[in-house]
Amino acid sequence: MYTQLSLWEDPKAESQKHGQQLSLPDAEIIMYRDFFNNIESNQIFAELYGTINWKQEVALLFGKQVAIPRLSAWYGDAGKSYTYSQIKMEPNLWTPTLITIKSKIEAIAGTVFNSVLLNLYRDGKDSVAWHSDDESELGENPAIGSVSFGATRRFMLRHKYQKEMKLEIQLTPGSFLLMKGVTQHFWQHQIPKAAKVTEPRINLTFRKVS
């Protein structure tokens, strides 16, 4: 059974500058819709799709090597490696497009990001399972800046300890979702498979790794 959660703290507060804060306990999550306009979104998607060094990573699951159901890439400052699911990623150097996106969201987030994980969901068959961005190199209360381009996908949240608390929102092209504070201690998120989605989506999660 789901606990009914109000989606927004203040439904009248939305703007590119201020966004809307999700009304969730034990979380600080702010949604900025249309952070990038349609023209910008389309141009950025095409640039990233065609130029990023995409790779399909392989994880060890129950003693077997399993291909991750999406393509990914890691970019950032020199030496800022990142490990998740026993996969260690070494950074590609920043591109001008990534620097532009980074600078724009840093002005809102109040955080200087030094790396970004890019995921390419080729269609609705690609997904990411329930997880928290709580790896030790991200720090105690990490700020995660998530930017989406391409197809709209469902973004699902669930509380780690109060299982009845779940929420779903749509991540539309050009949107910016900022998660910070204690969010990763208490909440997990996922992008589930979506049989009706046939178009690709690119998501960038900017981080600050130690």
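You'll find the structure just up there.
Conventions used here
- Residues numbered from 1 in each chain as written.
- Predicted model: local features only at pLDDT ≥ 70, side-chain atom pairs only at ≥ 80, totals over all residues.
- Heavy atoms only, no water.
- Buried < 20%, exposed > 50% of the residue type's maximum accessible area, 1.4 Å probe, protein only.
- Helix = DSSP H or I, 4+ residues; strand = E, 2+ residues; numbered from the N terminus.
- Pairing = 2+ DSSP bridges.
- Salt bridge = Lys/Arg side-chain N within 4 Å of Asp/Glu carboxyl O.

Participant: Looking at this structure, how should I read the pairing of strand S2 (residues 28-32)?
Facilitator: Within a regular strand, side chains alternate between the sheet's two faces. With respect to burial, S2 is a largely interior element, four of its five residues being buried. Bridge count between strand S1 (residues 20-21) and S2: two bridges; the pairing is antiparallel. Bridged to Gln21 within S2 is Ile30. Where S1 folds back onto S2 in an antiparallel hairpin, the turn is made up of six residues, including Asp26, whose phi is positive at roughly 60 degrees. Across five bridges, S2 lies against strand S13 (residues 176-180) in antiparallel orientation. Considered in S13, the bridge of Ile30 is made with Leu178.

Participant: Mind showing me how you'd approach the pattern of salt bridges here?
Facilitator: Side chains bearing opposite charge may pair, as long as their charged atoms lie close to each other. What the rule picks out here adds up to eight salt bridges. In this structure, the salt-bridge partner of Lys160 is Asp134, at a minimum N-O distance of 3.6 Å. Taken together, the residues Lys160 in the loop between strand S11 (153-159) and strand S12 (166-171) and Asp134 in the loop between strand S9 (128-131) and strand S10 (144-150) connect sequence positions 26 residues apart. Take Lys160: its relative accessible area is 17%, and that puts it in the buried class.

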